[in-house]
There are 2 protein chains.
Amino acid sequence: MSKQPQTAISPTRAENFPEWYQQVVRAADLAENSDVRGCMVIKPWGYAIWENIERRLDAMFKATGHENAYFPLFIPMSFLEKEAEHVEGFAKECAVVTHHRLEPDGKGGLQPAPSAKLEEPLIVRPTSETIIGATFARWVQSYRDLPILINQWANVVRWELRTRLFLRTAEFLWQEGHTVHATEAEAREETMRMLDVYADFAENTMAMPVIKGEKTAGERFPGAVSTFSIEALMQDRKALQAGTSHFLGQNFARAQNIKFQDENGQEVFAWTTSWGVSTRLIGGLVMTHGDDDGLMLPPKLAPAHVVILPIYRNDDEKTQVLAFCDALEKELAAQSFAGEPVRVRIDKRDLRGGEKKWQWVKRGVPIRAEIGPRDVASGKVFYGRRDSSAKLEAPRAEFVTNIANTLADIQQSLFARALEARKAATVQINDLATFKEFFASKDDEDSEGGGLAYCHFIESPAMDEILKSLKVTVRCVPLADADEPGKCIFTGQPSPRRGIFAKAY
Amino acid sequence: MSKQPQTAISPTRAENFPEWYQQVVRAADLAENSDVRGCMVIKPWGYAIWENIERRLDAMFKATGHENAYFPLFIPMSFLEKEAEHVEGFAKECAVVTHHRLEPDGKGGLQPAPSAKLEEPLIVRPTSETIIGATFARWVQSYRDLPILINQWANVVRWELRTRLFLRTAEFLWQEGHTVHATEAEAREETMRMLDVYADFAENTMAMPVIKGEKTAGERFPGAVSTFSIEALMQDRKALQAGTSHFLGQNFARAQNIKFQDENGQEVFAWTTSWGVSTRLIGGLVMTHGDDDGLMLPPKLAPAHVVILPIYRNDDEKTQVLAFCDALEKELAAQSFAGEPVRVRIDKRDLRGGEKKWQWVKRGVPIRAEIGPRDVASGKVFYGRRDSSAKLEAPRAEFVTNIANTLADIQQSLFARALEARKAATVQINDLATFKEFFASKDDEDSEGGGLAYCHFIESPAMDEILKSLKVTVRCVPLADADEPGKCIFTGQPSPRRGIFAKAY
């Protein structure tokens, strides 16, 4: 085949990145908007990616001593009134349950029954610190009950006006870790441990490079003492906050009365943390690895590692080819990659070969093997890697025994490519004029991002105003960087170290 | 030790079964009531059982061709107005979201913001036929798109006035399968296939004998053409509906406009099914296998198969004993049972030996190994099985290599015991007087059940009235039984086969 002039996804990333994103999500069958404003339907291919994220993260949580549990979907309104700063940040836009019954409205329809109005409204959890904290207050009596290391996989709801599939939806799926400790040091250690777990997962499983850092006061989780995040850079040079880990100090413990008798018999407040990642990660995958032909999945998260596409023109060929494919499937499935059996599908659907192939390209499957009568005769496998346009060929046995290496190579190439892209979009900026120029762009939310700028800064209203006008935010102060005294580019004040600035999702 | 006069759970099953149930749920650390009326907190041990249920059922769903997906938590009120019978059954008691923002109430608290009242109220899903059906209507165009075989793991809410942990709570976790087919025959086949999956799971994984049967018209799922269930008998001789599979005919397809072009180019309505099991199964586990010392877990679902309890009196012994325990743990974990590695925990907590042991008894762990200095010296393992009071001993190597057999034997003994109990509580009844006597008991909901009665019947208002007065329901018409003409015990009408009657949860 000659080089295709057209891409499978239109528009391309360069033409219109936000629209490209929506088209990839659609073409890869990841998700779609539902009949409920702001809520998405996660389709089987998208949900299978989430299941892989869930399974691998869950194993990491368990390996670090955490157990899963489940807490109520609803939070009594009064709970949100207790931790003032938290309420301010979260209580505003949420789903409020006010009635517990519907009744006929007398016009052929239904209405909330006035006689079934709740005494106290219930909020659909936007996050569960308050309701879980109230439970922990009952569980913790003595220092012997600590630490409590709990995680929950759940759905949460935050009412959003402008939504985008996976990136910002009213309902989304996530995990939220909640822990209680006897000492500040232990709670701080837990906060960093889970930040490290997230960074490890992002880089080694999602193949998405991230920067670990601390949020500024203005960007902290409502009610937290310190918030840490992992920040990734998308191909449109905008940042994506991919996970957060919060050291909550004793703030929530005080609000929820989580107290215990310490070893000296003194009653003291406990120290808590919380940490979470969500289905937003799938948006991050799309924008980190996708290309103009659609999704490109890191093998560790791909619902299928290899898709086998049988090609034949008549029944005779069909029998031969399918027998070869079935045998190949079994051989591949007996191999393992990254601690799990290789996942193989044969696409036997009665569709034209080109149509089938492009469906799997758009869905981002790492390896496609096309098997025709010639391949059966020669005992070879003709295959394509999603991360390359090269046409590859290998003797069947070699293809099979090398499959784990090939997948590992794809995993690695995706990470290397993303790291390269981030480097190319990262700068150090030491004066405001350059900063403004770097981030100058069309003034709507859909414009491209500029990149990551490392700058000296001190939080101030003056800085906030400039950032707001440029639609830029300070993402974090990277943990890996050493102190390097300098001057705030916004105010000229002395600054001990640089933060990173970017437009962000 | 001499025979203990006291049981670990008080009251005993014989003394007060419902209270025994609550005490076991509490003593086994399965769940507790939350601060939100009717909603439970599922604690780590209870949730780990649910994870095992989920993992094993999920594999069965995937093996039968189903894929997971995720649909919105909320259902627009108008959706519930479409399928009249379904609304009648479900729409009444549910959580109604009417506002999307909270605001300060001017008295230091919060209130739903009047300016943020939703145009159309949203219902927190009590089940998802309507919202999933609306999605399917978009997905299905042609017969080539069929079948659609989808499952969802989710939380649902049905407002309940009287709740009981796991058995009847406002919020619960479940899976709901939803499928669309081109023909009635295929949809009926799917309905029965999933009923069989449930029965297989209940008997071979939960060790809980069940009867597969069809519900009567009066007990059908609202909107279904036929509802099938698996029914189990608890130790108090009450029935528990443990899973349902519904053939929905074209009822929901019509209400939601799920149409497709068939092979002849005709536009026709599709045929749908739905099926589900929930966290209620955990209640079934407790009431099927529990005894007066607490929970007794079938090994296939136990979060830990073996708990190792080190026993020592000084540091010297401690070093020796723990080294032995660590080695034993590794050896056991390298064995596998029912396709999974053997799950082992060493309880190294600094508690008295008796207290530790009884915690694990109450939590239902199949095997406890107590390791003291004498066992280390002799190279033997002294152990107890949760399903027996015998004190057992085996050379370490033998204990390890036999572990899968021992677990399989416990799994089998639990099933056999439950089947025996059901047989002992099952009767055939051929006249109304005997029927009334069989079910006569204290007139409150907490009384014991009588058992399962196989009786000839024809649905009628007369029957309904008698059943209501006795608080008895017809559970199902068993599928396994052959036709056997007889006379309805309530009305004397000719009846083609027997149904089973019981008090029920």
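Position numbers for residues start from 1 in each chain and track the written sequence from start to end. Key to labels: chains lettered from A, ligands numbered from 1, both in the order written. The model is predicted, so local features are restricted to residues of pLDDT at least 70 and side-chain atom pairs to those at 80 or more, both for listing and for counting; the totals for chains, interfaces and linings are taken over all residues.

(A) The arrangement of the overall build of chain A in detail. Helix and strand content of chain A: 15 helices and 28 strands. Taking 2.2 N^0.38 as the reference for a compact globule, 505 residues should give roughly 23 Å; the C-alpha atoms of chain A span a radius of gyration of 26 Å, in line with that estimate. When the backbone C-alpha atoms are referred to their principal axes, chain A occupies close to 80 × 65 × 60 Å. Expressed as a percentage of contacts within chain A between residues at least 6 apart in sequence, the contacts between residues at least 24 apart total 69%. Helix and strand definitions follow DSSP, with helices as H or I runs of at least four residues and strands as E runs of at least two, each counted in order from the N terminus. For the radius of gyration, the atom set is restricted to C-alpha positions; the globular benchmark scales as 2.2 Å times the number of residues to the power 0.38. Throughout, a pair of residues is in contact if the C-beta atoms placed from their backbones lie within 7 Å.

(B) Molecular detail of the sheet that holds strand 9 (residues 171-181) of chain A. All names here are of chain A. The strand order 3-8-9-15-12-11-10-25-28-24-23 describes an open sheet built from eleven strands, whose pairing is mixed. If you trace the sheet from one side to the other, it starts and ends with strand 3 (67-68) and strand 23 (426-428), each paired once. Bridge count between strand 24 (residues 452-456) and strand 28 (residues 498-502): four bridges; the pairing is antiparallel. Counted as the bridge partner of His456 is Arg498 from strand 28. By this definition, two strands are paired if DSSP reports at least two bridges between them.

(C) Up close: the relation of the copies chain B and chain A. Only residues with pLDDT of at least 70 in both copies count here: their C-alpha atoms drive the least-squares fit that superposes the copies. The operation relating chain B to chain A is a screw motion whose rotation component is 180°, with 0.0 Å of axial translation and a residual RMSD of 0.0 Å. Interpreted geometrically, this transformation is the action of a two-fold axis. Ranked by how close their C-alpha atoms come to the rotation axis, the residues of chain B are headed by B:Val97, at 2.1 Å. Comparing interface residues between copies, 100% of those in chain B also sit at the interface in chain A, which points to an isologous, same-surface contact.

(D) Inspection of the interface of chain B and chain A at higher detail. Facing the 48 residues of chain B at the interface are 48 residues of chain A. Ranked by residue count, the leading element in the side of chain B that touches chain A is strand 5 (residues 93-104) of chain B, at ten residues. Sheet topology places strand 5 (residues 93-104) of chain A next to strand 5 of chain B; five bridges connect them, and they run antiparallel. Bridged to A:Arg101 within strand 5 of chain B is B:Glu93.

(E) Representation of the sheet that holds strand 19 (residues 344-346) of chain A within the structure. All names here are of chain A. Taken together, the five strands give an open sheet; going across it, the order is 19-16-20-21-22, and neighbouring strands pair in mixed fashion. A single partner strand is all that each edge strand has here, and the edge strands are strand 19 and strand 22 (391-395). The mean inter-strand angle of the sheet, taken between neighbouring strand axes irrespective of direction, is 25°. Relative to strand 21 (residues 380-385), strand 20 (residues 367-371) runs antiparallel, the two sharing four bridges. Paired with Ala369 across the two strands is Tyr383, which belongs to strand 21. Simply put, an axis is a line fit to the C-alpha atoms, just over the touching stretch for a helix, and the angle between two N-to-C directions goes from 0 to 180 degrees. Lying on the sheet, helix 10 (residues 353-363) is in contact with strand 16 (306-310) and strand 20; it crosses strand 16 at an angle near 175°.

(F) Structural view of the environment of A:Lys259. One can find A:Lys259 in strand 13 (residues 259-261). The sequence separation of A:Lys259 and A:Phe136 amounts to 123 residues, and the corresponding C-alpha distance is 9.4 Å.

(G) A look at the nonpolar core. We define a nonpolar core as a collection of buried residues of the types Ala, Val, Leu, Ile, Met, Phe, Trp, Tyr and Cys that are connected via C-beta atoms lying within 7 Å of each other. Around each residue's C-beta, the other C-beta atoms within 10 Å are counted; 20 or more make the residue buried, 12 or fewer make it exposed, and counts in between make it partly exposed. All C-beta atoms are placed from the backbone. Of all hydrophobic cores here, the largest spans 301 residues; its most connected members are A:Ala202, A:Ala232, A:Val306, B:Ala202 and B:Ala232. Residue contacts for A:Val306: discarding those within four places in its chain leaves A:Leu332, A:Val342, A:Val344, A:Ile367, A:Ala369 and A:Ile403.

(H) The environment of A:Leu146, seen in detail. Residue and element names in this part refer to chain A. Along the chain, Leu146 falls in the loop between helix 5 (129-139) and strand 8 (148-157). Given 22 C-beta atoms within a 10 Å radius, Leu146 is considered buried. Leu146 sits 340 residues away from Gly486 along the chain, and the two C-alpha atoms are 43 Å apart. Beyond its immediate sequence surroundings of up to four residues, Leu146 is in contact with Val140, Val180, His181, Ala182, Phe260 and Ala270.

(I) Just helix 9 (residues 315-333) of chain B, in detail. Residues and elements named next belong to chain B. What a helix should span is 1.5 Å times the count of its residues minus one. Across its 19 residues, helix 9 extends 26 Å between first and last C-alpha, which sits within 8% of the 27 Å expected from 1.5 Å per residue. Among the residues making up helix 9, those that are buried are Val321, Phe324, Cys325, Leu328 and Leu332. Across the axial projection of helix 9, the buried residues extend over an arc of 100°, all falling on one side. The exposed set on the far side of helix 9, more than 90 degrees from its buried face, consists of Asp315, Asp316, Thr319, Ala323, Ala327 and Lys330. In this structure, the buried side of helix 9 is in contact with strand 16 (306-310), strand 19 (344-346), strand 20 (367-371), helix 11 (373-378), helix 12 (396-401) and helix 13 (403-424). Directions pointing from the helix axis toward each C-beta atom define the arc.

(J) Molecular detail of the pairing of strand 5 of chain B. Residues and elements named next belong to chain B. One ladder, built from three bridges, connects strand 5 with strand 7 (residues 117-124); its direction is antiparallel. Directly across from His99, in strand 7, lies its bridge partner Lys117. Two successive antiparallel strands, strand 5 and strand 6 (residues 110-112), enclose a turn made up of five residues, where Gly106 displays a positive phi of approximately 80°.

Just distances and angles here, no functional claims.
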